[in-house]
Amino acid sequence: MPQKPYLEAGQIVGTHGVRGEVRVQPWCDSPEQFAGFKKLYWDDAGKQPVKVKGRPHKNIALVVLENVTTVEAAQVLRGKMLYVDRKDLKLPKDRYLVQDLIGLAVVDADTDEVYGTLTDVSQTGANAVYHMKTPKGEVLIPAIPDVVIKIDLKQDTLYLRPMKGLLDDDEI
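These numbers come from a predicted model, not from an experiment. (Residues numbered from 1 in each chain as written. Predicted model: local features only at pLDDT ≥ 70, side-chain atom pairs only at ≥ 80, totals over all residues. Heavy atoms only, no water.)

> Residue-level account of the nonpolar core, with values.
Taken as a class, soluble globular proteins show a tendency for nonpolar side chains to be buried jointly. By size, the foremost hydrophobic cluster in this structure holds 21 residues, and its most contacted members are Ile12, Phe34, Leu40, Val63, Leu65 and Leu82. Counting only elements with at least two residues in this core, the list comes to β1 (6-16), β2 (21-26), β4 (49-57), β5 (60-65) and β6 (81-85). Apart from residues no more than four positions distant in its own chain, isoleucine 12 is found in contact with Val22, Arg23, Val24, Trp42, Leu65, Leu77, Arg78, Gly79, Lys80 and Leu82. Formed by 18 residues, the second largest nonpolar core is a distinct cluster that contains Tyr115, Ala128, Val139 and Ile141. (Core = buried A, V, L, I, M, F, W, Y, C linked by side-chain atoms within 4.5 Å. Buried < 20%, exposed > 50% of the residue type's maximum accessible area, 1.4 Å probe, protein only. Helix = DSSP H or I, 4+ residues; strand = E, 2+ residues; numbered from the N terminus. Contact = heavy atoms within 4.5 Å.)

In structure tokens form, the structure reads like this:
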């Protein structure tokens, strides 16, 4: 699966104050991460860069956008998506972007049996949960090292070793 070079970073949800600052709902890990970006893009092709200066505020980011200096100019941006260049993201080893995981084949690490396709990721606090579509329905997989053995984005495959009861024959 080809990876998109520009990713949805957050959506402008409103204005803040009278000097053109906007409230952004981050679509990344946290408002703190979003506030760390210095340059974002108005499009998913990277052709319209915009310099930004942000700060976290509760569950959103408050952002000053280059050339947006009035509340009226900020107000027309409500609903607009901001994008980040994938190259500007620094992910720790063994961390992945959710959109890169969606669509991966889910395969048994020991037998190469194909169980299904990863369709969604839920953040539960303790660990993420992967949603897998199988011919018999959805199965939830805890994203823990004992179960998820390897993710190979080049092969579009997530290898797992199911714990007892996770993939009983009745379920898949």
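> How would you sum up unusual backbone geometry? Please name residues and give values.
Look at lysine 58: it is not a glycine, yet its phi comes out positive at around 55°. Mapped onto the elements of the fold, lysine 58 is located in the loop between β4 and β5. A relative accessible area of 72% places lysine 58 in the exposed class. Here aspartate 112, not a glycine, exhibits a phi torsion of approximately 65°, which is positive. Since its relative accessible area comes to 53%, aspartate 112 is described here as exposed.

> So, the sheet that holds strand β10 (residues 137-142): which residues are in play, and what are the values?
The strand order across the open sheet formed by six strands is β10-β9-β8-β7-β12-β11, and the pairing between neighbours is mixed. Of all the strands in the sheet, just β10 and β11 (148-152) have a single pairing partner and so form its edges. Averaged over all adjacent pairs, the angle separating strand axes in this sheet is 35°, with direction ignored. Across six bridges, strand β8 (residues 114-123) lies against strand β9 (residues 128-134) in antiparallel orientation. Residue pairing across strands places aspartate 120 opposite histidine 131, the latter belonging to β9. (Pairing = 2+ DSSP bridges. Axes fitted to C-alpha atoms, helices over the stretch in contact; angles between N-to-C directions.)

> Quick rundown of the packing of aromatic side chains? Include the residues and the values.
Counted by the stated rule, this structure contains two aromatic pairs. Taken together, a centroid distance of 4.9 Å and an interplanar angle of 70° make the contact between tyrosine 6 and tyrosine 41 edge-to-face. Taken as a pair, tyrosine 6 in strand β1 and tyrosine 41 in strand β3 (residues 39-41) lie far apart in primary sequence, 35 residues in all. A relative accessible area of 14% means that tyrosine 6 is categorised as buried. (Phe/Tyr/Trp six-rings, centres within 6.5 Å; stacked < 30°, edge-to-face > 60°.)

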